[in-house]
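One-letter residues, chain by chain:
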Amino acid sequence: MRAILEQRSHEIVEDIEEAEAVILDTCGFIEEAKKDSISEIFDFIEHKKHRKFLLFVKGCLVQRYFEDLTREIHEVDGWFGVVPPERIADAVEKGEKKVIYRHPESIYSTSVRFDSGPYAYIKIADGCSHTCSFCAIPAFKGSYRSRRMNFVISEAEQLVRNGVLEIILVAQDTSAYGIDTNEGTLCDLLRKLDSIDGRFWIRVMYLHPDHITPQLIDTMTTCKKVLPYFDIPVQHGSDKILEKMGRQKKSEQILDILQQVRSARPDAVVRTSVIVGFPGESRNDFEILLEFLKEAQFDRLGCFVYSDEEGTPAKSFFPKIPHDTALARQEELMLLQKEISRKRMSRWTGKTIETLVEEQENGYYIARSFMDAPEVDGNVFVQSRDSLIIPGFYHVTITTSLDYDLEGVAL
Ligand code: SF4
């Protein structure tokens, strides 16, 4: 969005006091995200009382609640659903008030990027064709649509030219890339990205277990720039709950994928996310989940508490689990994961790993290694006698392992 506006000669300002227009992106995925988005809209409306600017609101929340939002909130100058950013830029320039597509369409075609920070995300597809019973995304994002491979590649080339050191591929399901086109799969895309000149990392997020093949594991563990970081949201470990969630793979099959990943690269890191408190999750199901996690030994894990989402089948599933029970399960699970994580992290002590140094604070350089995706994972706290260039790649010998982080000395 930013690149498209800059390409059209709009100036991007960081300070709202200087802005003539604000484009606010929203998320309508889960209850918490919806509340945050609504509260942001009202914060900007409040701000409009003191200073004149145009307020445009875009994204999933608008796509999902277009009628309600446009009926109830009149202070917003333009509402845009899940539509391509080029279309939003057109609308802003023409002063259009409402743009919504019956079928969500957010695959942008531009490959122009001005980002130059240490890392940048590239969306390789949008929408989802899975039918998880708890998830509203397919209803408001539409079915799976891959971006053209040449757009993704030229976007990556541009980012690397701008000095970006880590490219992070995202989609609702990255492993399904290419399933709807005849341009090649995620393996093909990764091999092409891997051959771009320059020193940079490629990280892939959100691999759906249904599309993880031996070929994909081979590609991700042999391409030099692709990090051996497998982010595989599994959602649960009890087959009964997995089935009610509409997930195809059973717990044994998920464990088999982990086994394949770790045989290909013993140093690979696996991240996952799970949901607790799904309707009908008994204490026994929860204990099955804990046993599954002990066996799986995920290096990284996020745990979410189930919430009913409008328009999803799971909203009509019973019995509901009391929120307090779900919160207590989340706490119990995270205590177990802390133990697992501490043990997994300890295997790095004494080893030397490559890190991406991004900041300096309180006498330490703050870096990430291949096992740390920005914002969701840990850090490596680095000490160095010499001053380090930020951002930059440095080899670090690990001296201490913590619950989720590492400490070390730059070579
Ligand atoms: S795969 Fe992910 S985005 Fe798709 S329906 Fe399931 S939870 Fe939602």
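Residues numbered from 1 in each chain as written. Predicted model: local features only at pLDDT ≥ 70, side-chain atom pairs only at ≥ 80, totals over all residues.

A.B. asks: Kindly report on the sheet that holds strand β8 (residues 166–170), identifying the contributing residues and their values.
C.D. replies: Spatial ordering of the open sheet is given by β5-β8-β9, a layout of 3 strands whose pairing is parallel. The outermost strands of the open sheet, each flanked by one partner alone, are β5 (119–123) and β9 (201–204). Averaged over all adjacent pairs, the angle separating strand axes in this sheet is 25°, with direction ignored. As paired strands, β5 and β8 are joined by 5 bridges and run parallel to one another. Each residue of the ladder has a partner; that of I122, found in β8, is L169. Running over the sheet, helix α6 (residues 149–161) touches β5 and β8 and is turned about 170° from β5. (Pairing = 2+ DSSP bridges. Helix = DSSP H or I, 4+ residues; strand = E, 2+ residues; numbered from the N terminus. Axes fitted to C-alpha atoms, helices over the stretch in contact; angles between N-to-C directions. Contact = placed C-beta atoms within 7 Å.)

A.B. asks: Hey, could you go over the domain arrangement of the protein chain for me, with residue numbers and the actual values?
C.D. replies: Each assigned domain of the protein chain is listed with its residue range as follows: domain 1 (2–99), domain 2 (119–346) and domain 3 (352–410). The interface of domain 1 with domain 2 comprises 8 residues on the first partner and 5 residues on the second. Taken together, the residues of the side of domain 1 that touches domain 2 break down into 4 nonpolar, 2 polar and 2 charged. (Domains from an automatic or database assignment. Nonpolar A, V, L, I, M, F, W, Y, C, P; charged D, E, K, R; others polar.)

A.B. asks: Explain the environment of P118 to me, using residue names and the numbers behind them.
C.D. replies: Examined against the element boundaries, P118 turns out to sit in the loop between β4 (98–99) and β5. Accessibility expressed as a C-beta count within 10 Å gives 21 for P118, which makes it buried. Between the alpha carbons of P118 and V357 there is a distance of 8.7 Å; along the sequence they are 239 residues apart. Once you skip the residues sitting within four places of it in the chain, P118 turns out to touch L165, E166, L356, E358 and P391. (Buried ≥ 20, exposed ≤ 12 C-beta atoms within 10 Å, placed from the backbone.)

A.B. asks: Now, about the pairing of strand β14 (residues 364–369): what can you tell me, with residues and values included?
C.D. replies: Pairing of strand β13 (residues 352–361) with β14, which is carried by 6 bridges, proceeds in the antiparallel orientation. Of the residues in β14, the one forming a bridge with E359 is I366. Here β13 folds back onto β14 in antiparallel fashion, the turn holding 2 residues, of which N362 has a positive phi close to 50°.

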